[in-house]
Amino acid sequence: MAPFRIHIDLASKEHEALITESAVGLEWEVSLGDSAEPVPDILVTIPERLQHHQYLRNRSGPQPEVLLMISPDEVDPTDLLGVRVLGFLEPHLRPGLIREILAETARKHLESTDAFSRWQEMKERYAEASVLLDLALEMGPELEVRDVLDKIVKHIADDLGYAIVSIMLVDEEGRHLSIMAARGLSQKIVETSRMEIGKGVSGTVALSGEPLLVKDVEADERFAKVRSHGRYTTKSLICVPLKVGDRVIGVLNANNKSRSGPLNEYDLRILSVFAAHISVSIERVRLYHNLERKARELEEAYGKLKIVDQVKSDFIINVSHEYRTPVTIILGYLELLKNTLTDRSHLEKVSVAMEAAGRLSNLIDDSTDLLRLDTGSAPFLFGESQLYYFLEESVRGQWPRFGIKGVDLSLDLPDDLPPVWVDRDKMVKAFDKLLDNALKFTAQGGFVRVKAEAFSEGGVLISLEDSGVGVSRKDLDRIFDRFEQGGDIMTEKPEGTGLGLPIAKAIVETHRGTITMDETYSDGCRIVVTLPSLDSWNRD
């Protein structure tokens, strides 16, 4: 540690000798006169001579401790020129006491210098943190990677005082590093530099994934090639990896800091923080542009899909129209033929043909209905209605078919149900499909019960319970899928298209309702439909 420096500027030679003797006894360096170079640790003077020491006006660096050789009662504060005086050395003090005062002043100065050093370090760290904040505010994901890197190296160079800064990224093959942004390097170097992974300082850091502080560039053989070109004039350099997870995507190089002295561990730490920020910024920009590209691709694919879907829809509608006419003619002639036959075997054969033609007609109708529901080409004419208007119509229309098969069909509707907002014709079709499904899977002698009730969420709940074969657990998740039917279709294939429940589901959901299969019902099958009441529909 360097010895304390004390400067004595007194008019009295007697006082000067007294202070000098005490300082020499403390083994301090002593200087005399009306000026001092460098700035001393302690200045002993009188108020009239303060103006001779210009460094006392400097507020940016550490100041000496000032002791005045005068009695405090004799001091006019206006004579001190704003200088902070630590204490007073009165002429009558004994040498031993003067030495104690000097020693205590030295201790105070050490504390003051240490506090100033910590303040300077905090100020520097605050400036570095401000640079990071400025970078964070500027780094929008819409920027290109090169724009982001240019902004970063500019901040590191301008705000942190590095004369040479460069960011190198790993190429797609993962074999070389190339400079993507730099300050303090010629354009030729930026364009032509290419470092193999594992070679040189940058390549070594890219391979190891660990930051590196090279304290003496001239003595490091890994840096020999670039040293010979005279690009670097300082002895220290920092290189830190840019990492995303465990993957190294590049490196940050920095040297030639404006302040004196070699780079140190603190510089390494702060640049490592910048490297982490750079890595996040690069990855965020790349992800943003990748998502943007994917979005464009999806938009293009969706546009093509819409065209294909429209072609498919037009095809199905046109084909359905072309099929419906001949099927209607076939059914008509089969009906005429049936009325002229008397032979039982012939009648049975015609009946089988009529059933097959009828299923084909239903398939055409169901396919067209579902397609129109999907595309929104089936307009819904909503209006206020009571449940019995469409439930009774649906149940009444199904009674003959249920009676022929011997299945009991009942309807239970309370009188106090709230009105709903529905397309009545569409709801009749939906419940026709649900009743048709229940009849299909219920044997002779069984039952189907339709019940309705109000529920607390503000709507009505309609259930269709049957005593049929029920739905196995493995079929529950797909029972409302198109062309899906319960059971083994190879051995238990029921009649129908597998479109009835999907059509009902599409209609109910267009009414903001829900349709589900009750998994807890064990006596057959129970389908539950909910519809919002007129009041809750209006509130929404």
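Up top is the structure.
Focus on the packing of helix 9 (residues 387–405) against helix 10 (residues 424–440)
Running from amino to carboxyl end, helix 9 crosses helix 10 at an angle of 30°, the nearest separation of the two axes being 9 Å. Taken as axis vectors, helix 9 and helix 10 run roughly parallel relative to one another. Both helix 9 and helix 10 take part in a crossing whose hand is right-handed. Here helix 9 contributes Tyr389, Phe390, Leu391, Glu393, Ser394, Val395, Gln398, Arg401, Phe402 and Lys405 to the contact with helix 10, which in turn contributes Arg424, Met427, Val428, Phe431, Asp432, Leu435, Asp436, Leu439 and Lys440.

Thoughts on the pattern of salt bridges
Counting across every chain of the model gives twelve salt bridges. As a salt-bridge pair, Asp436 and Arg401 come within 2.9 Å of each other at their nearest N and O atoms. Here Arg401 lies in helix 9 and Asp436 lies in helix 10, a separation of 35 residues in the sequence. A relative accessible area of 28% means that Asp436 is categorised as partly exposed. Salt-bridge contacts for Lys505 lead to Glu509; the nearest nitrogen and oxygen are separated by 2.8 Å. One end of the pair, Lys505, and the other, Glu509, are both in helix 12 (residues 500–510), four residues apart, so they sit about a helical turn from each other. Glu509 gets classed as partly exposed once you look at its relative accessible area, which sits at 41%. Residues joined in a network through salt bridges with shared partners are Lys451, Glu465, Asp518 and Arg526.

Brief notes about the packing of helix 10 against helix 12
At a minimum axis separation of 9 Å, helix 10 and helix 12 run at an interaxial angle of 145°. Of the two elements, helix 10 crosses helix 12, and the hand of that crossing is left-handed. On the side of helix 10, the interface is formed by Lys426, Met427, Lys429, Ala430, Lys433, Leu434 and Asn437, while helix 12 contributes Gly500, Leu501, Ile503, Ala504 and Ile507. Among the residues forming the contact of helix 10 with helix 12, the class breakdown is seven nonpolar, two polar and three charged.

Examining empty space enclosed by the protein
Enumeration according to the criterion identifies two cavities of 30 Å³ or more in this entry. Empty space within the largest cavity amounts to approximately 40 Å³. As for the largest cavity, its lining consists of Leu434, Asn437, Ala438, Leu464, Asp466, Cys525 and Ile527. Those elements that provide at least two residues to the lining of the largest cavity are helix 10, strand 16 (459–466) and strand 18 (525–532). Per-element tally for the lining of the largest cavity: the top contributor is helix 10, with three residues. Its residues assigned to classes, the lining of the largest cavity shows five nonpolar, one polar and one charged.

Cut-offs and rules
Residues numbered from 1 in each chain as written. Predicted model: local features only at pLDDT ≥ 70, side-chain atom pairs only at ≥ 80, totals over all residues. Heavy atoms only, no water. Axes fitted to C-alpha atoms, helices over the stretch in contact; angles between N-to-C directions. Helix = DSSP H or I, 4+ residues; strand = E, 2+ residues; numbered from the N terminus. Parallel < 35°, antiparallel > 145°, perpendicular 65-115°, else oblique. Left-handed = near helix turned anticlockwise from the far one by under 90°. Contact = heavy atoms within 4.5 Å. Salt bridge = Lys/Arg side-chain N within 4 Å of Asp/Glu carboxyl O. Buried < 20%, exposed > 50% of the residue type's maximum accessible area, 1.4 Å probe, protein only. Nonpolar A, V, L, I, M, F, W, Y, C, P; charged D, E, K, R; others polar. 1 Å grid on protein atoms, 1.4 Å probe; cavity = no way out; pocket = protein on both sides within 12 Å on 5 of 7 lines; lining within 4 Å. Points joined across faces, edges and corners; volume = space filled by probe spheres on them.

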